[in-house]
Amino acid sequence: MIEGFLRKKLGYKGVVITDDLTMGAITGFGLTADLFLRAFEAGNDILLFSQSTPLVENAFRTILRAVRGSSSLRARLDESVERILNLKGRTEFVPLRYRTHLKARISRQADKLRNSVVEISPRHVTV
């Protein structure tokens, strides 16, 4: 739906955000770390959750492991990061005096994330 319909057919280029993945409507499908991974693979840029739990931490590790093991998922992650950074760059409510500082900080954080997702051999993957 997201890649085929929203992005290709409708031409939407913006950020796609899930609803809370830990709420009741979703948990009925069986709340697992793989559910978060499937939401990311489906094209969502930001995955929302209402509370930090061991499940959410496990989901983060599951997504990170999958991204490290797949060049196509790394490309998907880069696309999401780019869309999020573009949105943050267009944010108007940040006072002008802070924009340069924030852009540099966001760029450093994005670089740090990209470096943490570099391709490594499967026998060296530790999360």
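Read on for a plain summary of the structure. (Residues numbered from 1 in each chain as written. Predicted model: local features only at pLDDT ≥ 70, side-chain atom pairs only at ≥ 80, totals over all residues. Heavy atoms only, no water.)

### Examining the nonpolar core
Consideration 1: Counting residues in hydrophobic clusters, the biggest one holds 18 residues, and the most contacted among them are Phe-36, Phe-40, Leu-47, Ile-63, Val-67 and Leu-77.
Consideration 2: Listing elements by their share of this core, those giving two or more residues are helix H3 (33–41), helix H4 (54–68) and helix H5 (71–89).
Consideration 3: It is H4 that contributes the most residues to this core, six residues altogether.
Consideration 4: Residues in contact with Ile-63, not counting those within four places in the same chain, are Phe-36, Leu-37, Phe-40 and Leu-47. (Core = buried A, V, L, I, M, F, W, Y, C linked by side-chain atoms within 4.5 Å. Buried < 20%, exposed > 50% of the residue type's maximum accessible area, 1.4 Å probe, protein only. Helix = DSSP H or I, 4+ residues; strand = E, 2+ residues; numbered from the N terminus. Contact = heavy atoms within 4.5 Å.)

### Things to note about the pattern of salt bridges
Consideration 1: Using the criterion set out here, one finds four salt bridges in the structure.
Consideration 2: A salt bridge links Arg-7 to Asp-45, with the shortest nitrogen-to-oxygen separation between them at 2.9 Å. Highlighted residues: Arg-7 in helix H1 (residues 2–9) and Asp-45 in the loop between H3 and strand E2 (46–48), separated in sequence by 38 residues. The pair Arg-7 / Asp-45 is uniform in exposure class, with both members buried.
Consideration 3: Notably, a salt bridge pairs Asp-45 with Arg-83, separated by 2.8 Å at the nearest N-O pair. Here Asp-45, found in the loop between H3 and E2, pairs with Arg-83, found in helix H5; they are 38 residues apart in sequence, far enough to count as distant.
Consideration 4: You can call Arg-83 buried: its relative accessible area is 14%.
Consideration 5: Where salt bridges share partners, they join Glu-3, Arg-7, Asp-45, Arg-76 and Arg-83 into one cluster. (Salt bridge = Lys/Arg side-chain N within 4 Å of Asp/Glu carboxyl O.)

### Some remarks on the packing of H3 against H4
Consideration 1: Running from N to C, H3 and H4 cross one another at 50°; their axes reach a closest spacing of 8 Å. Comparing their axes, H4 and H3 come out oblique. Of the two elements, H3 crosses H4, and the hand of that crossing is right-handed. Together, Ala-33, Asp-34, Phe-36, Leu-37 and Phe-40 of H3 and Leu-55, Val-56, Asn-58, Ala-59, Thr-62, Ile-63, Ala-66 and Val-67 of H4 make up the contact between the two elements.
Consideration 2: Tallied by class, residues from the contact of H3 with H4 come to 10 nonpolar, two polar and one charged. (Axes fitted to C-alpha atoms, helices over the stretch in contact; angles between N-to-C directions. Parallel < 35°, antiparallel > 145°, perpendicular 65-115°, else oblique. Left-handed = near helix turned anticlockwise from the far one by under 90°. Nonpolar A, V, L, I, M, F, W, Y, C, P; charged D, E, K, R; others polar.)

### Considering H4
Consideration 1: Taking 1.5 Å of rise per residue, 15 residues should cover 21 Å, and H4 covers 21 Å from first to last C-alpha, within 8% of that figure.
Consideration 2: Val-56, Ala-59, Thr-62, Ile-63, Leu-64, Ala-66, Val-67 and Arg-68 are the residues of H4 that are buried. (Expected span 1.5 Å × (residues − 1).)

### Quick notes on the packing of aromatic side chains
Consideration 1: All chains considered together, the criterion is met by zero aromatic pairs.
Consideration 2: The ring of Phe-40 has Arg-76 sitting right over it, with the charged end atom 4.4 Å from the ring centre. (Phe/Tyr/Trp six-rings, centres within 6.5 Å; stacked < 30°, edge-to-face > 60°. Lys NZ or Arg CZ within 6 Å of the ring centre and 35° of its normal.)

### A word on the side chain of Arg-7
Consideration 1: Residue classification places Arg-7 among the buried residues on the basis of a relative accessible area of 9%.
Consideration 2: At a separation of 2.9 Å, a polar atom in the side chain of Arg-7 contacts the side chain of Asp-45.
Consideration 3: Beyond its immediate sequence surroundings of up to four residues, Arg-7 is in contact with Ile-2, Tyr-12, Lys-13, Gly-14, Val-16, Gly-43, Asp-45 and Arg-83. (Polar contact = N/O pair within 3.5 Å; in protein donor to acceptor, adjacent residues only side chain to side chain.)

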